[in-house]
Amino acid sequence: MKFAIVLVALFAVALAAPTQEVSVLKHVSDVGADGFNYAVETSDGSKKEESGHLINAGTENEAIAVRGSFSFLGDDGVTYTVNYVADENGFQPQGAHLPVAPEA
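Residues numbered from 1 in each chain as written. Predicted model: local features only at pLDDT ≥ 70, side-chain atom pairs only at ≥ 80, totals over all residues. Heavy atoms only, no water.

Going by the annotation in an unreviewed UniProt entry, the name recorded for the chain is Larval cuticle protein 65Ag1, with Drosophila suzukii given as the source organism.

Asker: Tell me what's going on with the pairing of strand S3 (residues 47–55), and back it up with residues and numbers.
Answerer: Taken together, the 7 bridges between strand S2 (residues 35–42) and S3 define a ladder with antiparallel strand orientation. In the strand pairing of S3, Ala-39 is matched with Glu-49. (Pairing = 2+ DSSP bridges. Helix = DSSP H or I, 4+ residues; strand = E, 2+ residues; numbered from the N terminus.)

Asker: Please provide a residue-by-residue account of the sheet that holds strand S1 (residues 24–32), values included.
Answerer: In spatial order, the strands read S1-S2-S3-S4-S5-S6; together these 6 strands make up an open sheet with antiparallel pairing. Strands at the two margins of the open sheet, each flanked by one partner only, are S1 and strand S6 (90–94). Along the sheet, successive strands turn relative to each other by an average axial angle of 10 degrees, direction set aside. With 8 bridges joining them, strand S4 (residues 63–73) and strand S5 (residues 79–87) adopt antiparallel strand pairing. Paired with Ser-69 across the bridge in S5 is Asn-83. (Axes fitted to C-alpha atoms, helices over the stretch in contact; angles between N-to-C directions.)

Asker: Lay out unusual backbone geometry with the relevant residues and their values.
Answerer: The residue Asn-56 is not glycine, and still its phi comes out positive at about 55 degrees. Inspection of the secondary structure assignment puts Asn-56 in the loop between S3 and S4. Residue classification places Asn-56 among the partly exposed positions, given a relative accessible area of 42%. (Buried < 20%, exposed > 50% of the residue type's maximum accessible area, 1.4 Å probe, protein only.)

Asker: So what about the side chain of Ser-69? Which residues, and what values?
Answerer: Within the fold, Ser-69 resides in strand S4. Classification of Ser-69 by relative accessible area gives buried; the value is 18%. Apart from the residues within four sequence positions on either side, Ser-69 is in contact with Lys-47, Lys-48, Glu-49, Val-82, Asn-83 and Tyr-84. (Contact = heavy atoms within 4.5 Å.)

Listed below in structure tokens is the structure:
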């Protein structure tokens, strides 16, 4: 019985939570055989831009190197931005709010 009461209470809270419709303000995309670029911006202030290109084409080390960024408005009213690179060295994010590993 207690489980049912908790379940109903959680359901009521979920229904009462305000929802925000988000619309796409900007969307551009260019995809080619050896790379891509795209950008998206939404009405809630979120943005994402990314580009990638083929490296080491035709070899066993062929891969896509990606560079991009995304930003969003946090619950605290602060806009957070992450810039990143993803390549043969892995995913490498940078942002003022992200911790930095100590020097080796």
